[in-house]
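One letter stands for each residue in the lines below.
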Amino acid sequence: MNDEYDVIVVGGGPAGATAAGLVAEKGHRTLLLEREKMPRFHVGESLMPECYWPLERLGLTERMKSSKFTKKKSVQFVTANGKESAPFYFHEHDPRESSTTWQVERADFDKMLFDRAGELGADCFDAARVLDVLFDENQAAHGVRVRTADGQTKEVSARVVMDGSGQQSLIANKLGLREDIPNLKKAAIWSYYKNAQRDEGDNGGATIIMHTTAKDSWFWFIPLSDGVTSIGCVGDSDYMLKTGLDPEARYEQELDRCPGLKKRLENAERVDKIHVAKEYSYWTHQHAGDGWVLIGDAFGFIDPLYSSGVYFALVMGERAADAVSDGLSRQDTSAAQLGSWCEGFKEGSTLIRKLVEAFYTKEFSFGGFIKDNPQFEGNLTDLLIGRIFYDGAGEIFEKMEPAVEHARATSNV
Ligand SMILES: Cc1cc2nc3c(=O)[nH]c(=O)nc-3n(C[C@H](O)[C@H](O)[C@H](O)COP(=O)(O)OP(=O)(O)OC[C@H]3O[C@@H](n4cnc5c(N)ncnc54)[C@H](O)[C@@H]3O)c2cc1C
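Residues numbered from 1 in each chain as written. Predicted model: local features only at pLDDT ≥ 70, side-chain atom pairs only at ≥ 80, totals over all residues.

1. Things to note about the site of the ligand
Around the ligand lies a shell of 37 residues, among which Gly 13, Gly 44, Gly 166, Gly 296 and Gly 309 are the nearest. Among the secondary structure elements, those contributing two or more residues to the shell around the ligand are helix H1 (14-25), strand S8 (129-135) and helix H10 (309-329). A per-class count over the shell around the ligand returns 16 nonpolar, 14 polar and seven charged. (Near = placed C-beta within 6 Å. Helix = DSSP H or I, 4+ residues; strand = E, 2+ residues; numbered from the N terminus. Nonpolar A, V, L, I, M, F, W, Y, C, P; charged D, E, K, R; others polar.)

The following block contains the structure:
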């Protein structure tokens, strides 16, 4: 590890590895620091189809196609009484290769991205924990203090620090930039099963979203490779974790309340411990400063519902890399330059946030809405694919927002 770089990227997840690879590819001296030994476990296995484009830019689509990762061609929803919607097949909406995406073991997927950053020219270190981001008297970032794998602590300087430290959100915590997202104080409990029943054919790799009977929680069903399925339950944090039961008992209790899932688990066997994550939804009110920029979960995370987290991390990694490379070549590492992509990103990501809010409005039904407004089916599929960065991507909300509001208001009468 050198003492000085153009760019230091904190965190070797999808956001950090993408950013480091693409900045290094442009010829800038780049250091990527990951605190865990890679490969490391991570939740978040289901990708959105639009991940295809950043993966293509990274030169990884061929590796993805020849990997063992399950191919995901659709999503499906199951109502509180166990009624399954017709699957949303992505290729029916857009018959291109990009409409097939993947369900990934994150340890393998993230390791592939981390290694790719190295192939593109970044100096990559795992088991290297950033202890602090260093700021000068003008509040400009100029480097980090890191503890390396051999236990040594050293300071490394850089013209730009990109924070991809995930939920640890190093800079946002240090500068007090994090804010909760109202109404999204959720928790997730999940585990892994063998022999959970999957559909035959093209829907076999689908992410299935299943409501529990009173719509107080929902389950994800994500088919991974080697016959393993990731199955997790999400609900309000207090509802999930403050009942006096331990997480395992709560998980079993919610399973019992999910008719759509119970039948798929009749011959299944749990093959891992119970995992818990809570209160992971937040946003930041400043995303860049002089010499620093936030990417991926360090910038903000909405909700697991539509599997947008990894996609957002890849997109932010890519967009921030372009802004940083451009800034470095013009000697401009100001907040305005490094964060020049943030407003456009927020416009798109807000659409996913609105879709999440609609889903969590118990009285609102997507099925009913599309039945009454079939002209928006394409628009809705665009959102589920992750195609959110074009003019008109949010048209559906002109009708959906009042419908959600109405559903909420009538239930309060
Ligand atoms: C319950 C749940 C389910 C989810 N399901 C999905 C899903 O199905 N699909 C999906 O797309 N997304 C999902 N997500 C979201 C997804 O996991 C994240 O959005 C995604 O991992 C963000 O990538 P990232 O690179 O920003 O952060 P991360 O993947 O978290 O990577 C950050 C990295 O930074 C490292 N790091 C942290 N601190 C330091 C430090 N001080 N020094 C050095 N390194 C550091 C960490 O070890 C980590 O490897 C889910 C999230 C939750 C909570």
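2. Considerations on the packing of H1 against H10
Contact pair H1 / H10: the axes reach a minimum separation of 8 Å and the direction vectors enclose 30°. By the angle between their directions, the pair H1 and H10 is classed as roughly parallel. Between H1 and H10 the crossing geometry is right-handed. Across from Pro 14, Ala 15, Gly 16, Thr 18, Ala 19, Leu 22 and Val 23 in H1, the residues of H10 making contact are Val 310, Ala 313, Leu 314, Met 316, Gly 317, Glu 318, Ala 320, Ala 321, Val 324 and Ser 325. Of the residues belonging to the contact of H1 with H10, the class tally is 12 nonpolar, four polar and one charged. (Axes fitted to C-alpha atoms, helices over the stretch in contact; angles between N-to-C directions. Parallel < 35°, antiparallel > 145°, perpendicular 65-115°, else oblique. Left-handed = near helix turned anticlockwise from the far one by under 90°. Contact = placed C-beta atoms within 7 Å.)

3. Topic: the domain arrangement of the protein chain
A common way to express how large an interface is: the accessible area buried when the components associate. Along its sequence, the protein chain is carved into domain 1 (4-62 + 105-180 + 283-347), domain 2 (70-103 + 185-278) and domain 3 (362-412). For domain 1 and domain 2, the distance between their C-alpha centroids amounts to 29 Å. Listed as interface residues are 13 residues of domain 1 and, on the opposing side, 19 residues of domain 2. For the side of domain 1 that touches domain 2, the per-class residue count stands at seven nonpolar, two polar and four charged. (Domains from an automatic or database assignment.)

4. A look at the pairing of strand S2 (residues 30-33)
Across the two faces of S2 the burial is the same, with Thr 30 and Leu 32 and Leu 31 and Leu 33 all buried. Here strand S1 (residues 4-10) runs beside S2; their pairing, made up of four bridges, is parallel. The residue bridging Ile 8 from the neighbouring strand is Leu 31, located in S2. Once you follow S1 into H1 and on to S2, the crossover reads as right-handed. Sheet analysis places S2 next to strand S7 (residues 123-125), joined by three bridges and oriented parallel. Considered in S7, the bridge of Leu 31 is made with Asp 123. (Buried ≥ 20, exposed ≤ 12 C-beta atoms within 10 Å, placed from the backbone. Pairing = 2+ DSSP bridges. Right-handed = clockwise from strand over helix to strand, strands pointing away.)

5. Some details on the pairing of strand S12 (residues 186-194)
Summarising the sheet, S12 and strand S15 (residues 228-236) pair through nine bridges and their orientation is antiparallel. Of the residues in S15, the one forming a bridge with Tyr 192 is Ser 230. Where S12 meets strand S17 (residues 275-278), four bridges bridge the pair, whose relative direction is antiparallel. Pairing of Ile 189 across the sheet is with Val 276, part of S17. Where S12 and strand S16 (residues 269-270) come together, two bridges link them in antiparallel fashion.

6. A short note on the nonpolar core
Ile 8 and Val 324 are the most contacted members of the largest nonpolar core, which totals 112 residues. No other element matches H10, which puts 12 residues into this core. In contact with Val 324, not counting residues within four places along its chain, are Val 7, Val 23, Val 160, Met 162, Val 293 and Leu 338. (Core = buried A, V, L, I, M, F, W, Y, C linked by C-beta atoms within 7 Å.)

7. Details of the sheet that holds strand S11 (residues 178-180)
Taking strand neighbours across the sheet as the criterion, the three strands line up as S11-S18-S21 in an open arrangement whose pairing is antiparallel. In this open sheet, the two edge strands, each paired with only one partner strand, are S11 and strand S21 (300-301). When strand S18 (residues 282-284) meets S21, the two strands line up antiparallel, connected through two bridges. Following the sheet pairing, Trp 283 is matched in S21 by Gly 300.

8. Quick word on H1
Its 12 residues give H1 an end-to-end C-alpha distance of 16 Å, which sits within 8% of 16 Å, the value for a rise of 1.5 Å per residue. For H1, a buried count of 12 out of 12 residues is recorded, marking the element as mostly surrounded by other parts of the structure. Of all the residues in H1, the buried ones are Pro 14, Ala 15, Gly 16, Ala 17, Thr 18, Ala 19, Ala 20, Gly 21, Leu 22, Val 23, Ala 24 and Glu 25. Those residues of H1 that are buried are in contact with S1, S2, helix H2 (52-57), helix H5 (106-119), strand S10 (153-163) and H10. Just past H1, the residue Gly 27 takes up positive phi, approximately 95°. (Expected span 1.5 Å × (residues − 1).)

9. What to know about helix H12 (residues 342-359)
Taking 1.5 Å of rise per residue, the 18 residues of H12 would be expected to cover 26 Å, and the 26 Å separating its terminal C-alpha atoms lies within 8% of that figure. Turning to H12, its buried residues are Cys 342, Phe 345, Ser 349, Leu 351, Ile 352, Leu 355, Val 356 and Glu 357.

10. Some words on unusual backbone geometry
Backbone phi values are negative for most residues with the exception of glycine, while trans is the configuration of most peptide bonds. Residue Pro 39 follows Met 38 across a cis peptide bond; omega there is -5°. Note that Pro 39 resides in the loop between S2 and H2. Despite not being glycine, Glu 279 shows a phi value in the positive range, around 45°. In this structure, Glu 279 sits in the loop between S17 and S18. Of note in this structure, Ser 307 is not a glycine but carries a positive phi near 55°. For Ser 307, the location among the structural elements is in the loop between S21 and H10.

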